[in-house]
Amino acid sequence: MYEGVVQDLIDELGRLPGVGPKSAQRIAFHLLAADPADISRLQEVLGKVKEGVQFCEVCGNVSEQETCRICRDARRDLTVICVVEEPKDVLAVERTREFKGRYHVLGGALDPLSGIGPEQLRMRELLARIGGAEISEIIIATDPNTEGEATATYLVRMLRPFPGLTVTRLASGLPMGGDLEFADELTLGRALSGRRVL
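Since this is a predicted model, take the numbers as computed values, not measurements.

Engineer: Where do I start with the overall build of the protein chain in this structure?
Structural biologist: Of regular secondary structure, the protein chain possesses eight helices and seven strands. Counting over 198 residues, the protein chain shows a buried share of 40%. Considering only contacts in the protein chain between residues 6 or more positions apart, those separated by 24 or more positions represent 56%. Accessible surface computed for the protein chain: about 12000 Å², of which carbon and sulfur atoms make up 55%.

Engineer: What's the story with the pattern of salt bridges in this structure? I'm lost.
Structural biologist: Under the defined criterion, the tally for this structure stands at seven salt bridges. For the salt bridge of Lys-48 with Glu-44, the shortest nitrogen-to-oxygen distance reads 3.2 Å. Note that Lys-48 and Glu-44 are positioned in helix 3 (residues 36-52) at a spacing of four residues, about one turn of the helix. The class of Lys-48 is exposed, set by a relative accessible area of 53%.

Engineer: Is there a simple way to think about the layout of surface pockets in this case?
Structural biologist: Size it by volume and the largest pocket reaches roughly 200 Å³. At the level of secondary structure, the elements contributing two or more residues to the lining of the largest pocket comprise helix 1 (4-14) and helix 3. A per-element tally of the lining of the largest pocket places helix 3 first, with four residues. When its volume is computed, the second largest pocket comes out at roughly 170 Å³. The wall of the second largest pocket is formed by Asn-61, Val-62, Ser-63, Cys-68, Arg-69, Ile-70, Pro-87, Val-90, Leu-91 and Glu-94. Counting only elements with at least two residues in the lining of the second largest pocket, the list comes to strand 2 (62-63), helix 4 (69-72) and helix 5 (87-96). Taken together, the residues that form the lining of the second largest pocket break down as six nonpolar, two polar and two charged.

About the thresholds
- All residue numbers refer to position in the chain's written sequence, counted from 1.
- pLDDT decides what is reported in this predicted model: residues at 70 or higher carry local features, side-chain atom pairs at 80 or more are listed and counted, and totals for whole chains, interfaces and linings draw on all residues regardless.
- As a rule here, side-chain values come from all non-hydrogen atoms in the structure, and water together with hydrogens is ignored.
- The helix and strand labels rest on DSSP assignments: H or I over at least four residues marks a helix, E over at least two residues marks a strand, and numbering proceeds from the N terminus.
- Classification of residues uses two cut-offs on accessible area relative to the type maximum, computed with a 1.4 Å probe and protein chains only: under 20% is buried, over 50% is exposed, and between them is partly exposed.
- Residue contacts are defined here by distance: any two heavy atoms, one from each residue, within 4.5 Å place the two residues in contact.
- The accessible surface values rely on the Shrake-Rupley method and a 1.4 Å probe; as for residues, cover is taken only from the protein chains in view.
- Here a salt bridge means any side-chain nitrogen of Lys or Arg lying within 4 Å of a carboxyl oxygen belonging to Asp or Glu.
- Only protein atoms enter the 1 Å grid, on which a cavity is a set of points fitting a 1.4 Å probe that cannot get out and a pocket is an open set with protein on both sides within 12 Å along at least 5 of 7 lines, lining residues being those with an atom within 4 Å of a point.
- Grid points are joined across faces, edges and corners, and a volume is the space filled by probe spheres set on the points.
- Think of it as three bins: nonpolar holds Ala, Val, Leu, Ile, Met, Phe, Trp, Tyr, Cys and Pro, charged holds Asp, Glu, Lys and Arg, and polar takes everything else, Gly as well.

Written as C-alpha cells, this is what we have:
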C-alpha cells in the first residue's frame, strides 16, 4: 500500500471497468513518470468529454449534439431499428457495414441480481419510437450471455402486440457469454445478415 494521493490514484484507476489492481498500479506509475504536458492534455480531454458528450435524444448513442450522426443521416433506413445494450455495440455493428438502419441503445441489460430491471433501461423510449413511426423490423442485438438473452426474451414479449412488426435476433455464430464489442466484423456481419425471426 502506498502513501496518500498515490494510493488514492491507484484506487480510483482500479474502479474503472477492466482495470485490476496491478493494471491500476502500472497506470498510476506511468502517469507519475509522464511529461506534464501529456498529463495536461489528458486532463483537458477528460474535461471536454464530461462537458461536451451527451446521449442522443433519439437513440441513446453518445453524441456531441442533441442527436447523433446516425440519427441525423437521411440515407439511413427509418423502418429498421437495431436494439443494442451499450453505445460501444453500435460501433461493433457499424464496423460490419451490413446494417443501414437506425439504432436504439438500451443502456444495459436486464440483471435482477444487480437491481437492473426494465425501468432502469430505455424500454419506454423504444416503445414510443415504434408507436410513433413506420417501423417494420426490430433487430435484437443484445450480447449472447445470460443477461442479454433475458433482455432479448423480455423485448420479444413486449413487442409481440405490435401488428406488422417483425422481431429478429442475430443468428448463431457468436460465442455464448461473449460481447458484441469483441466479435470480429466477419462473424458479426454474418450473424446480422443471417438473423432469425422470433
